Amino acid sequence: MGKLGKVFGLGKKGKISISIEKPSCIAGELIHAVVLKATGKEKVSWEQRIGQEFETEDFEREHEFFKEKIILSQIPHTLQPGDYVYPFQYQLPSTLPGVFSLERYACLGVNNLEATVQYKFKATLEDLKARTYVVVHERLAQRIQPSQDSITQNIHWFCCLSRGKCTLAVAMDKNVYLPGETAQILCHITNDSHVNISALRCHLYQDITLTLAFPEAQTFTRLIAEARFSGVPAVPSSSDR
């Protein structure tokens, strides 16, 4: 009923809902939905140590970097009781960043760092409102291809006595992964030393760049996941043969 309904105390006389065809999409993809407004917003908050007295100051920033208003249908007349559906297509900009969420991170002089990037679709008709959130993945800017690297180092005992060499070669099936995918990693170890390798560890790190807390951008690194595998025995010495 809108404003007139509020004046006469009639309240809301209808319901509006919104639905998205897919729960997630890629930047630049077509969206099939019933919606009037599409927004993208980033938020960040943290505590930062100030001066030498170990005092902290709270910071908070919010930026709406994407906003579009789509008029689905002009309604010059009164809607009769019933269900009304307004399907449409809307193409997301191809340069949108992917969704992001970080909670309670701390490093150096920064504490309780929280950051989010989220997208919302909101439908309105006078005082009727409905909203839903959608997952947007950033469009790949590089070609997907296998990745590999290797390193060879001398093993020393007490920094002087050489104990041989060890070579580690790592190959991955590709250099880009989407959320939910499993990274396939193949490790080849050539232990030509007389030292046992007790274990092999694999770590996944995330680099976080914060540009608001300092005169220059600061990059922090946090451990996301790790795995431990069995090691490789040493080359038998002449006395063991």
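Residues numbered from 1 in each chain as written. Predicted model: local features only at pLDDT ≥ 70, side-chain atom pairs only at ≥ 80, totals over all residues. Heavy atoms only, no water.

The name given to the protein chain in an unreviewed UniProt entry is Arrestin C-terminal-like domain-containing protein, and the organism recorded there is Pythium oligandrum.

Draft legend 1. Here's a closer look at the environment of Asn196. Within the fold, Asn196 resides in the loop between β11 (185–193) and β12 (197–210). On the basis of relative accessibility, which here comes to 57%, the residue Asn196 falls in the exposed class. Measuring from C-alpha to C-alpha, the distance between Asn196 and Pro233 comes to 4.6 Å, with 37 residues separating the pair along the chain. In this view, Asn196 contacts Val232, Pro233 and Ala234; residues no more than four positions away in its chain are not counted. There is a polar contact of 2.7 Å between the side chain of Asn196 and the backbone nitrogen of Ala234. (Helix = DSSP H or I, 4+ residues; strand = E, 2+ residues; numbered from the N terminus. Buried < 20%, exposed > 50% of the residue type's maximum accessible area, 1.4 Å probe, protein only. Contact = heavy atoms within 4.5 Å. Polar contact = N/O pair within 3.5 Å; in protein donor to acceptor, adjacent residues only side chain to side chain.)

Draft legend 2. Structural detail: the environment of Arg143. Looking at the element boundaries, Arg143 is found in the loop between β8 (128–137) and β9 (147–157). Arg143 gets classed as exposed once you look at its relative accessible area, which sits at 61%. Here the alpha-carbon distance between Arg143 and Lys174, two residues 31 residues apart in the chain, equals 9.6 Å.

Draft legend 3. Summary view of the pattern of salt bridges. Going through the model one piece at a time under the given rule, you end up with three salt bridges. The salt bridge involving Glu62 is made with Lys41; its shortest N-O contact spans 3.3 Å. Residue Glu62 is located in strand β4 (residues 55–69), and its partner Lys41 is located in strand β3 (residues 37–50); the two are separated by 21 residues in the primary sequence. Residue Lys41 is classed as partly exposed on the basis of its relative accessible area of 24%. (Salt bridge = Lys/Arg side-chain N within 4 Å of Asp/Glu carboxyl O.)

Draft legend 4. Region of the structure containing a positive patch on the surface. Among the surface-exposed residues, Lys37, Lys67, Lys69, Lys129 and Arg131 lie close enough to one another that they form a single positively charged patch. Elements with a contribution of two residues or more to the positive patch: β4 and β8. The residue Lys37 is located in strand β3 in this model. (Patch = residues over 30% accessible without salt bridge, like charges linked within 9 Å, V, L, I, M, F, W, Y side chains within 5 Å. Areas by Shrake-Rupley, 256 points an atom, 1.4 Å probe, with all protein chains shown as cover. Lys, Arg positive; Asp, Glu negative; His and termini not counted. Charge placed at Lys NZ, Arg CZ, Asp CG, Glu CD.)

Draft legend 5. Region of the structure containing unusual backbone geometry. A positive phi angle, close to 50 degrees, is found at Asn112, a residue other than glycine. With respect to the helices, strands and loops of the structure, Asn112 is situated in strand β7 (residues 110–125).

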